[in-house]
Amino acid sequence: MSAIRTVATTPFEGQRPGTSGLRKKVKVFQQPHYLENFVQSVFDSLTGFQGQTLVVGGDGRYHNRAAIQTILAMASANGFGRVLVGQGGILSTPAMSCVIRARRAYGGLILSASHNPGGPTEDFGIKYNIGSGAPAPESLTEAIFAKTQTIAQYRIYERADLDLDRLGAQRIGATQIEIVDPVADYAALMERLFDFDRIRAWFQAGHRMVFDAMSAVTGPYAHEILERRLGASAGTVLNGTPLEDFAGHHPDPNLVHAHDLVARMQGPRAPDLGAASDGDGDRNMILGPDFFVTPSDSLALIAEHARVAPGYAKGLAGIARSMPTSRAADRVAEALGIPCFETPTGWKFFGTLLDAGKATVCGEESFGTGSDHVREKDGLWAVLMWLNILAASGQGVGDLVRAHWRRFGRTFYTRHDWEGIPSALADTMIADLRGRLGGLAGKSFAGLVVEAADDFAYTDPIDGSQSAKQGIRILFQGGARLVYRLSGTGTEGATLRVYIERPVADPARHADDTQKMLADLIALADDLAEIRARTKRDQPTVIT
């Protein structure tokens, strides 16, 4: 027998959603009332959801199932009429957006800390997506945060746990809980967007790929789409079973954490395409034999060739990129005669552009690429787009990228991450650099002349909303650029990300080593912010 309880509670500090929701250690979320406070604050910030449909799912990390049981009990107690749950609690972030849109749901709750590690001592997260399938806008996340500071009670059903593995309908009170296939809606959408016949023929012709799901959420999606529907050979998908601790992997698809995949893509017997996705399925890494495609170049090349895919045959309305993403896509947009929008980091900033039909393809340098098919970045979508381009062109990954560079020039680009810096130190370092910006224009540093320097602020061209202090930009004559930004995706300390780029038109230099080509800018980036001197560290944690 189930009954609604109203539980008295008090606020917790620090429940402000970041760029991708609320992320903390599992033990923080396991505190009595912690998750309940946040979920109730979400519901208290919404209106008109009585009797409506909510979608719930996550990346399968530790605490995913327990959190879903709590959310189901609270959604029912708060009046949702139906809740759709991915079988086993599984639903990738792009699939969540897909299901919200396909089922015309009111919104959804995603349980994930994205590319952060999982396990009892690691990370957990939760975020809310609105009815368009997009992440909650800042106005809503701020309203949620305000509720967390004043919450005094939450509503929850007392009930036995539901069976999350059994497809079909169950009930909590008056609310229908429907356990759904987490892959079906998403796979059907991919078949409409891409030329599956042509990709299938590419595999039948003997081409090979390898996809590393990193023991995270994309395994079931990749098995179904790549191996079953497209006919890639068995074993194409590596680490394809979602595990609560991601088998000890750091589920971030970059050259450091996907080192096994990188090794497979080296040497004369390497597959034609290598790819990986992250914990919740919204990021991607693309590799050719002995060739790494930067996310910025991947966005630019996808935009250049998108029309070969049936879902984009009419062309692109525009391109959108996050401010730290290289300006390679800008040159493609110019050649195509379409706009290229520069937004703050965070996929939610693309949402209004997509909804208004102003942009079709979007990307972030942090291995995120997507389009207007959903309102999240989408790792497997990017892999399928690359497969479609490879199958249509008859060229290899490296040949395609080198041809792109010959046409548009190469933007040498790197990101240096300084992780786990004490937050106060990081804040002071950025504040001091911000204070120097006004005097940098026109100054010369080792032959590099500063053209402009600012703290990026953004006014949304659709809804007029404003976002300030989104990253420090230092632009040099000739097109080189430095960007500094504190990341909001970690759970401990602060991560300083430094983005360094230089465009080079001369094809004779396109094969040069990136770190050597940018060595002067890398040194200058350190000197201007005094990173090594202040952190007492010799090198970044991760270089991409």
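Owing to the predicted nature of the structure, the values given are computational and were not obtained by experimental measurement. (Residues numbered from 1 in each chain as written. Predicted model: local features only at pLDDT ≥ 70, side-chain atom pairs only at ≥ 80, totals over all residues. Heavy atoms only, no water.)

Participant: Can you lay out the overall build of the protein for me, pointing to particular residues and giving the numbers?
Facilitator: Within the protein, the regular secondary structure consists of 18 helices and 27 strands. By the compact-globule yardstick of 24 Å for 544 residues, the protein fits well, its C-alpha radius of gyration being 23 Å. Summarising its shape, the C-alpha atoms of the protein cover approximately 75 × 60 × 40 Å along the three principal directions. Here the protein holds 544 residues, and 58% of them are scored as buried. Nonlocal contacts in the protein, meaning residues at least 24 apart in sequence, comprise 72% of its contacts between residues at least 6 apart. In the form shown here, the protein has an accessible surface area of approximately 20,200 Å², with 48% of it arising from carbon and sulfur atoms. Counting 56 positive and 61 negative side-chain charges, the protein places the centres of these two groups 2 Å from one another. (Helix = DSSP H or I, 4+ residues; strand = E, 2+ residues; numbered from the N terminus. Rg over C-alpha atoms; globule rule 2.2 N^0.38 Å. Buried < 20%, exposed > 50% of the residue type's maximum accessible area, 1.4 Å probe, protein only. Contact = heavy atoms within 4.5 Å. Areas by Shrake-Rupley, 256 points an atom, 1.4 Å probe, with all protein chains shown as cover. Lys, Arg positive; Asp, Glu negative; His and termini not counted. Charge placed at Lys NZ, Arg CZ, Asp CG, Glu CD.)

Participant: Describe the nonpolar core, naming the residues involved and giving the relevant values.
Facilitator: Membership of the largest hydrophobic core comes to 72 residues, with the highest contact counts inside it found for M190, F194, F211, W381 and L387. The leading source of residues in this core is helix α13 (residues 379–393), at eleven residues. In terms of nonpolar packing, the next biggest core, distinct from the first, is built from 41 residues, V7, V42, A73 and I172 among them. (Core = buried A, V, L, I, M, F, W, Y, C linked by side-chain atoms within 4.5 Å.)

Participant: Run through the sheet that holds strand β6 (residues 123–129), naming residues and quoting values.
Facilitator: The strand order across the open sheet formed by seven strands is β2-β6-β5-β3-β4-β9-β8, and the pairing between neighbours is mixed. Each edge of the sheet is formed by a strand with only one pairing partner; in this case those strands are β2 (22–25) and β8 (168–172). The mean angle between the axes of side-by-side strands here comes to 20 degrees, regardless of whether they run parallel or antiparallel. Bridging between strand β3 (residues 53–58) and strand β5 (residues 107–111) involves five bridges; their strand directions are parallel. Of the residues in β5, the one forming a bridge with G58 is L111. Against the sheet, helix α2 (residues 34–44) engages β2, β3, β5 and β6, with an angle of about 15 degrees to β6. (Pairing = 2+ DSSP bridges. Axes fitted to C-alpha atoms, helices over the stretch in contact; angles between N-to-C directions.)

Participant: Now, about the layout of surface pockets: what can you tell me, with residues and values included?
Facilitator: There is about 510 Å³ of room inside the second largest pocket. Taken together, 23 residues line the second largest pocket, and the ones lying closest to its centre are L255, F292, R410, D513 and T514. Among the secondary structure elements, those contributing two or more residues to the lining of the second largest pocket are β13 (284–288), β14 (291–293), α14 (397–408), β19 (410–421) and α16 (514–517). In terms of residue count, the dominant contributor to the lining of the second largest pocket is β19 (three residues). Across the lining of the second largest pocket, the residue classes tally to ten nonpolar, eight polar and five charged. (1 Å grid on protein atoms, 1.4 Å probe; cavity = no way out; pocket = protein on both sides within 12 Å on 5 of 7 lines; lining within 4 Å. Points joined across faces, edges and corners; volume = space filled by probe spheres on them. Nonpolar A, V, L, I, M, F, W, Y, C, P; charged D, E, K, R; others polar.)

Participant: So what's going on with the packing of helix α4 (residues 93–102) against helix α6 (residues 184–193)? Which residues, and what values?
Facilitator: Describing two packed helices takes the angle between their axes plus the distance from one axis to the other. The contact between α4 and α6 brings their axes to 9 Å, and the two run at 85 degrees. Classified by the angle between their axes, α4 and α6 sit roughly perpendicular to one another. Of the residues in α6, those in contact with P94, A95, C98, V99 and A102 of α4 are D185, Y186 and L189. (Parallel < 35°, antiparallel > 145°, perpendicular 65-115°, else oblique.)

Participant: Give me the pattern of salt bridges: which residues, what numbers.
Facilitator: Throughout the structure, instances matching the rule amount to 36 salt bridges. Here K377 ties to D282 by a salt bridge, and the two come within 3.8 Å at their closest N and O atoms. Residue K377 is located in the loop between β18 (368–371) and α13, and its partner D282 is located in the loop between β12 (273–277) and β13; the two are separated by 95 residues in the primary sequence. Taken as a pair, K377 and D282 share a single burial class, namely buried. Ionic pairing is found between D455 and R434, a salt bridge with its closest N-O pair at 2.4 Å. On the criterion of sequence distance, the pair formed by D455 in strand β21 (residues 448–455) and R434 in helix α15 (residues 423–436) is long-range, its members being 21 residues apart. (Salt bridge = Lys/Arg side-chain N within 4 Å of Asp/Glu carboxyl O.)

Participant: Residues and numbers for the packing of aromatic side chains, please.
Facilitator: Taken as a whole and assessed by the stated rule, the structure comprises 18 aromatic pairs. Pairing F456 with Y458 gives two aromatic rings, centres 6.5 Å apart and planes at 35 degrees, and the pair type is tilted. Judged on exposure class, the residue F456 and its partner Y458 are both buried. Chaining the aromatic ring pairs together yields one cluster made of F12, F29, Y34 and F124. (Phe/Tyr/Trp six-rings, centres within 6.5 Å; stacked < 30°, edge-to-face > 60°.)

Participant: Got a sec to walk through the environment of L496? Specific residues and values, please.
Facilitator: Tracing the backbone shows L496 in strand β26 (residues 494–504). In this structure, L496 is in contact with H416, D417, W418, I421, M429, I430, Y484, R485, L486 and I531, ignoring residues within four places of it in sequence.

Participant: Give me helix α3 (residues 64–77): which residues, what numbers.
Facilitator: Here α3 spans 20 Å end to end across 14 residues, near enough to the 20 Å set by a 1.5 Å rise per residue. With respect to burial, α3 is a largely interior element, twelve of its 14 residues being buried. For α3, the full list of buried residues reads N64, A67, I68, Q69, T70, I71, L72, A73, M74, A75, S76 and A77. Phi for G79, located one or two positions after α3, is positive at around 105 degrees. (Expected span 1.5 Å × (residues − 1).)

Participant: I'd like a rundown of the pairing of β13, residues and numbers included.
Facilitator: Counting buried residues in β13 gives five out of five residues, a clear majority hidden from the surface. By the alternation rule, side chains of β13 split into N284, I286 and G288 and M285 and L287, which are all buried. Of the pairings in the sheet, the one linking β12 to β13 comprises four bridges and is antiparallel in character. Within β13, the position partnered with G274 by the bridge is L287. Counting the residues in the hairpin turn of β12 and β13 gives six residues, including G281, whose phi is positive at 85 degrees.

Treat this as a map of the structure, not an account of what it does.
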